[in-house]
Amino acid sequence: MFVEREREYNDIEKHWVRKKGWLEIAKQISFETREKHGRGIRYFTLPAYYRLDISLFLKENLLDVIEYSDDGKAKTVYVAAFEAEPTKYGRMVGHKPAFRLFGDCSVEDALTNSDNKFYSQLHDLFPFDIINLDLTTSLTPRHEGPYSKTLKAIDTVLARQATYATKWALFLTFRNMPEEWEDDTLRQLFNNLQVNVNSH
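Not measured: the values here are computed from a predicted model.

### Looking at the overall build of the protein chain
- Helix and strand counts for the protein chain come out as eight helices and six strands.
- Helices (α) and strands (β) of the protein chain occur, in sequence order from the N terminus, as α-α-β-α-β-β-α-β-α-α-β-α-β-α.
- Burial status across the protein chain gives 44% buried among its 200 residues.
- Taking as baseline every contact in the protein chain between residues at least 6 positions apart, the subset at least 24 positions apart corresponds to 63%.
- Approximately 11300 Å² of the protein chain is accessible, and the part contributed by carbon and sulfur atoms is 51%.

Laid out in structure tokens, this is it:
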């Protein structure tokens, strides 16, 4: 199972999304953050072991570097990241550059549970320029009812970003698992999407 999860973040299709989707949008947003704030992108992500999104953004000089090492390389970047799998987290924690925040819990819990040890730290790092919730769960898992932890986490993100006047991006990725779908939630989601399409 662990090997299969590693492959999910290292395949050709996924890398195409990183380079042709995420990277191109990051370049546009980076231009605006430098114009308005004189800095790079502040990034919230679920980076996976190889941190390929981080590497791409660093290579293009897009991230907000908050500390440099003596050799001029980025030592700490304005990135908030989470990895819930303990073994994977342990393997990742020593990677360079360091993140402003790297939590060993689910991102949903860090966003919505005020008792979580990272809740306040993460709250104080908002707003971000790019939020990348590249999740390995379903958007509407049946066992969580109509308002899942994932939906609550997305609501929290939108609320915390609401007053941010600079252009920002939200990347959302979910597993497509029909057997886990919550039917009432999906119907409401599709109805809302259709209303938005009709209105615009």
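Still more ground to cover, so stick around.
### Quick notes on the pattern of salt bridges
- Scanning all chains against the criterion turns up six salt bridges.
- D64 serves as the salt-bridge partner of R42, at 3.2 Å between the closest nitrogen and oxygen. Residue R42 is located in the loop between α2 (12-37) and β1 (43-45), and its partner D64 is located in the loop between α3 (52-59) and β2 (65-68); the two are separated by 22 residues in the primary sequence.
- Since its relative accessible area comes to 9%, D64 is described here as buried.

### Focus on the packing of aromatic side chains
- According to the stated counting rule, one finds 11 aromatic pairs in the structure shown.
- Measuring from centroid to centroid gives 6.0 Å for F44 and F126, while their planes differ by 85 degrees, and the two rings are edge-to-face. On the criterion of sequence distance, the pair formed by F44 in strand β1 and F126 in the loop between α6 (119-125) and β5 (130-134) is long-range, its members being 82 residues apart.
- According to the relative accessible area criterion, F44 is buried, its value standing at 0%.
- F126 sits in the buried class, given a relative accessible area of 12%.
- Judged by centre distance (5.0 Å) and plane angle (80 degrees), the ring pair of Y49 and Y50 falls under edge-to-face.
- Of the residues examined, Y49 reaches a relative accessible area of 17% and is grouped as buried.
- When its relative accessible area of 44% is taken as the criterion, Y50 is described as partly exposed.
- Clustering of aromatic rings is evident, with ring pairs tying together F44, Y78, F82, F118, F126 and F128.

### Overview of the pairing of strand β4 (residues 98-103)
- Taken together, the five bridges between strand β3 (residues 74-82) and β4 define a ladder with parallel strand orientation. Note on β4: the bridge partner recorded for A80 is L101.

### A short note on the environment of Y119
- With respect to the element layout, Y119 can be found in helix α6.
- The class of Y119 is partly exposed, set by a relative accessible area of 21%.
- Each C-alpha atom, one on Y119 and one on D109, is 8.0 Å from the other, the two residues being 10 residues apart in sequence.
- Discounting chain neighbours no more than four positions away, the residues touching Y119 are A110, L111, T112, N113, S114 and R160.

About the criteria used
Residues numbered from 1 in each chain as written. Predicted model: local features only at pLDDT ≥ 70, side-chain atom pairs only at ≥ 80, totals over all residues. Heavy atoms only, no water. Helix = DSSP H or I, 4+ residues; strand = E, 2+ residues; numbered from the N terminus. Buried < 20%, exposed > 50% of the residue type's maximum accessible area, 1.4 Å probe, protein only. Contact = heavy atoms within 4.5 Å. Areas by Shrake-Rupley, 256 points an atom, 1.4 Å probe, with all protein chains shown as cover. Salt bridge = Lys/Arg side-chain N within 4 Å of Asp/Glu carboxyl O. Phe/Tyr/Trp six-rings, centres within 6.5 Å; stacked < 30°, edge-to-face > 60°. Pairing = 2+ DSSP bridges.

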